Each structure stands twice: as structure tokens, then as C-alpha cells.
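Structural overview
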Amino acid sequence: MKNKTIYMLLFLLSVSMHAFSQNHLRIKEVFDVYGKQEGAIFVQLSSDVLSQGSNITFYKSLILDKNSSREQTITTALKQDLKNCSVISEIKKNGILESGTYLVDKNPSQKLNEYILYKNRDGKITLVYLSGNFPPNQLSNELKKLKNLFIYINNKRLKI
Amino acid sequence: MNPIDELLDKYFDGETSLQEEDVLREYFRKETIEERHRQYVPMFAFFTQERETKQPASVKPANQKKKRSFIAWGSIAASILLAVSTFLFLDRNSNQSYVYINGTRISDSRQINSAVLHSLQSATQADHEVTRSQIDILDSFSE
């Protein structure tokens with residue numbers, strides 16, 4: 001009985017872990033809090049859109065008009081998450097992070113890589129979370145492919 | 001004095017041990033008992049029967065165990081149901097595509113799929129701002 005209970009708990013834990021993947025990141029709260037606010041452009045693309053022609057399986061972007069409160073909240077969340085990330089590229093000006101691309105550390109059982117992209121420039125804060133089954137050296141290529149997808153949507157005047 | 005008589009005396013004085021009472025019960029179960037003892041047969045038969053019907057002491061815990069087991073498995077089943085529901089709810093949300101501008105949802109995620117993207121049907125309400133902004137983001141990060 002004891003063993004069965006333990007197996008059940010482990011099962012529940014694994015289900016929960018799967019269900020809450022991505023939720024382990026603090027920036028998830030940023031999307032939740034600011035995504036639907038005035039002055040925000042929030043885009044979420046899932047496999048229904050991305051499945052054809054992209055190895056990106058999930059894409060979330062948030063563009064916000066910058067203000068000190070938002071900036072502080074976002075950078076605090078980002079700093080927390082970056083403790084468990086590897087830096088792919090980073091630009092700092094006067095010691096302040098201006099933009100960066102990061103790979104979230106994963107456990108061996110995890111198949112997908114998770115990436116965080118951040119930019120704070122020209123009065124706008126941009127935060128992107130995406131995941132996909134490709135290594136960091138292919139990220140740039142995947143982003144270009146995704147860009148082409150958006151160009152296609154734009155040119156065709158398709159409704160998102 | 002007959003040993004059974006001695007035991008009976010002790011029994012009625014309430015001084016018999018459990019083993020001695022067993023001896024008496026065994027004796028009164030037999031068909032060949034002395035005539036003078038026959039008057040006690042119904043009494044011992046009754047006590048023996050009572051004793052056997054009270055035995056479910058072992059049955060009761062079994063029922064309780066069954067009940068406890070049912071509650072435990074019920075709790076586990078409920079937990080699984082909750083976890084699966086949560087998973088399905090979250091999974092459904094995370095499997096949607098949508099766009100919000102200034103807090104207003106401007107699309108239905110169900111309309112966004114590869115079929116739409118690859119079809120030549122143009123929609124009338126293309127959101128240039130959104131797609132342009134995404135191109136800019138991807139441009140800046142993929143440089």
C-alpha cells in the first residue's frame with residue numbers, strides 16, 4: 001500500500017511537472033500580468049500555427065511601453081530566471097542589460113530547449129519566451145524562419 | 001469429586017480460567033455426558049454460540065480496513081482526476097495561439113492554424129502592427 005501510494009504521488013508529480021512546464025519561469029508572471037494591459041502587444045503562437053515549417057513549438061512575445069515600474073518588475077523576474085540559464089548573447093550598456101538571448105537549463109529528461117530573449121531599447125521592453133527541439137546554434141535560423149512566416153502573414157494580410 | 005463437578009463449582013463461583021472454561025465447553029459439546037450435568041447443556045451451548053457470534057472481532061477490522069482502503073484509493077483517484085483536469089486545462093490554454101493588443105483580444109486562436117496561413121484567402125482585418133512588430137523583434141534578435 002505504501003509503495004503504491006508513493007508510485008501514485010510520483011505519477012502525479014510527473015503529470016504536474018509536465019503541466020507546469022514553462023510555469024517554472026518567473027517571466028511567465030510577466031506575460032500574465034502585463035500581456036493584457038494597455039500599451040502591450042502580446043502574441044502567443046502554439047503548435048497549431050508553428051507546426052508547419054518551424055521547429056519552434058511554442059512562442060510568446062510581449063512588447064511593452066517602458067516605465068520604471070514595469071522595467072523593475074521585468075528585470076527582477078528575468079534576473080531570477082537567468083540564475084538557471086546559459087547566456088547565448090548579451091549586450092550591456094553602462095552595466096545595464098540592454099538585450100540578451102538565453103538558454104534555460106534543462107534536466108536530462110526534458111526534450112525541448114527553452115529560450116528567453118530580452119530587449120530594452122527605444123522606450124520599449126521586449127520579452128520573448130520560446131521552446132523547440134533545436135540547439136542554440138540553430139536559434140538564429142529558426143527565428144529567421146519564423147520571421148518569414150510573419151512576413152507571409154503580413155503580405156497576405158492574413159488575420160492572426 | 002468429579003473434575004467436571006469441581007470445574008462447575010469454580011465456574012459458578014467465577015473462578016475458572018479460560019482454559020478451564022474451554023474444558024467445560026468441550027465436555028458439554030459431547031453427547032456422552034453424565035445425567036446430572038445435562039441441565040447445564042443449554043447454558044453452555046448458548047455461551048458457546050454467543051462466543052462464536054461475537055468472534056467477528058476479526059471481521060470488523062477487515063471491514064474497517066476495506067473502508068480505509070476505499071477512502072485511500074478514492075483520494076488517490078480524486079487527486080489524479082484533479083491533476084489530469086489541471087493538466088488538460090493548462091495544456092489547452094498553452095496550445096492556443098492568440099494576440100492581445102492593449103488588452104483586447106483581436107483573434108480567435110482556433111482560426112490560427114497552418115491551413116489558414118497557407119491558404120490564399122485573405123482576411124480583411126490583417127493586423128499590420130502586430131506582424132510588423134514581430135518581424136522587428138526577430139530581425140533584431142537574429143541579426
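Above this text you will find the structure in question.
Described in the following lines is the structure provided in the data block. Everything numeric here is computed off the predicted structure, so don't read it as measured data.

When helices and strands are counted, chain B shows six helices and two strands. In chain B, which comprises 143 residues, the proportion classed as buried is 27%. In chain B, of all internal contacts separated by at least 6 residues, the share reaching a separation of at least 24 is 33%. For chain B, the exposed area adds up to about 9,800 Å²; of that, 55% sits on carbon and sulfur atoms.

Looking only at helices and strands, chain A has five helices and six strands in total. In chain A, the succession of helices and strands from N to C terminus is α-α-β-α-β-α-β-β-β-β-α. Across chain A, the fraction of contacts at a sequence separation of at least 24, relative to all contacts at a separation of at least 6, is 49%. Of the accessible surface of chain A, which amounts to about 8,400 Å², a share of 52% is contributed by carbon and sulfur atoms.

Residues and elements named next belong to chain B. Restricting attention to buried positions, one finds in helix α1 (residues 3-12) the residues Ile4, Asp5, Leu7, Leu8 and Tyr11. For α1, the angular spread of buried residues about the axis comes to 160°, placing them on one side. For α1, the N-terminal cap is Asn2; the gap from its side-chain oxygen to the backbone nitrogen of Ile4 is 2.6 Å. Where α1 ends, the next residue or the one after it, Gly14, has phi of about 75°, a positive value.

Okay, the pairing of strand β5 (residues 113-121) of chain A next. Residue and element names in this part refer to chain A. Most of β5 sits out of view: eight of its nine residues are buried. By the bridge criterion, six bridges tie strand β4 (residues 96-104) to β5 in an arrangement that is antiparallel. Across the sheet, Tyr102 pairs through a bridge with Ile116, a residue of β5. Where β5 meets strand β6 (residues 124-132), nine bridges bridge the pair, whose relative direction is antiparallel. Bridge pairing links Tyr115 to Leu130 in β6. Where β5 hands over to β6, the hairpin turn is made up of two residues, of which Asp122 adopts a positive phi near 55°.

To continue, consider the sheet that holds strand β2 (residues 104-105) of chain B. Strand order in the open sheet made by the eight strands is β3(A)-β4(A)-β5(A)-β6(A)-β2(A)-β1(A)-β1(B)-β2(B), with antiparallel pairing throughout. The sheet is open, and its two edges are formed by β3 (85-93) of chain A together with β2 of chain B, each paired on a single side. Those strands touched by helix α4 (residues 68-82) of chain A are β2 (56-65), β3, β4, β5 and β6 of chain A, and its axis lies near 150° from that of β5 of chain A.

What follows covers the pairing of β3 of chain A. Residues and elements named next belong to chain A. Sheet topology note: the β3/β4 ladder contains eight bridges and is antiparallel. Counted as the bridge partner of Ile91 is Ser99 from β4. Hairpin connection from β3 to β4: two residues lie between these consecutive antiparallel strands, with Asn94 at a positive phi of about 55°.

So, about the environment of His24 of chain A. Residues and elements named next belong to chain A. Secondary-structure assignment places His24 in the loop between α1 (2-19) and α2 (27-34). Since its relative accessible area comes to 48%, His24 is described here as partly exposed. Expressed as a C-alpha distance, the spacing of His24 and Asp81, which sit 57 residues apart in the sequence, is 8.8 Å. Ignoring sequence-local partners within four residues, the contact set of His24 consists of Val104 and Glu114. At 3.4 Å, the side chain of His24 and the side chain of Glu114 are in polar contact.

Okay, the packing of α2 of chain A against α4 of chain A next. Residue and element names in this part refer to chain A. With their axes 8 Å apart at the nearest point, α2 and α4 run at an angle of 155° to one another. The angle between the axes of α2 and α4 places the two elements in the roughly antiparallel class. Of the residues in α4, those in contact with Ile27, Val30 and Tyr34 of α2 are Ser69, Arg70, Thr73, Ile74, Ala77, Leu78 and Asp81. Of the residues assigned to the contact of α2 with α4, the class counts are six nonpolar, two polar and two charged.

Quick look at a negative patch on the surface now. A contiguous patch of negative charge, built from Glu6, Asp9, Asp13 and Glu15 of chain B, is present on the exposed surface. With respect to the secondary-structure elements, Asp9 of chain B resides in helix α1.

Residues and elements named next belong to chain B. Counted at 1.5 Å a residue, the expected span for helix α2 (residues 18-29) with its twelve residues is 16 Å, and the 16 Å between its end C-alpha atoms agrees. Among all positions in α2, only Glu21, Leu24, Arg25, Tyr27 and Phe28 are buried. Projected onto a plane normal to the axis of α2, the buried residues spread over an arc of 160° and lie on a single side.

Calculation rules
Residues numbered from 1 in each chain as written. Chains lettered and ligands numbered in written order. Predicted model: local features only at pLDDT ≥ 70, side-chain atom pairs only at ≥ 80, totals over all residues. Heavy atoms only, no water. Helix = DSSP H or I, 4+ residues; strand = E, 2+ residues; numbered from the N terminus. Buried < 20%, exposed > 50% of the residue type's maximum accessible area, 1.4 Å probe, protein only. Contact = heavy atoms within 4.5 Å. Areas by Shrake-Rupley, 256 points an atom, 1.4 Å probe, with all protein chains shown as cover. Arc of directions from axis to C-beta. Polar contact = N/O pair within 3.5 Å; in protein donor to acceptor, adjacent residues only side chain to side chain. Pairing = 2+ DSSP bridges. Axes fitted to C-alpha atoms, helices over the stretch in contact; angles between N-to-C directions. Parallel < 35°, antiparallel > 145°, perpendicular 65-115°, else oblique. Nonpolar A, V, L, I, M, F, W, Y, C, P; charged D, E, K, R; others polar. Patch = residues over 30% accessible without salt bridge, like charges linked within 9 Å, V, L, I, M, F, W, Y side chains within 5 Å. Salt bridge = Lys/Arg side-chain N within 4 Å of Asp/Glu carboxyl O. Lys, Arg positive; Asp, Glu negative; His and termini not counted. Charge placed at Lys NZ, Arg CZ, Asp CG, Glu CD. Expected span 1.5 Å × (residues − 1).

Read these as spatial facts, not as claims about activity.
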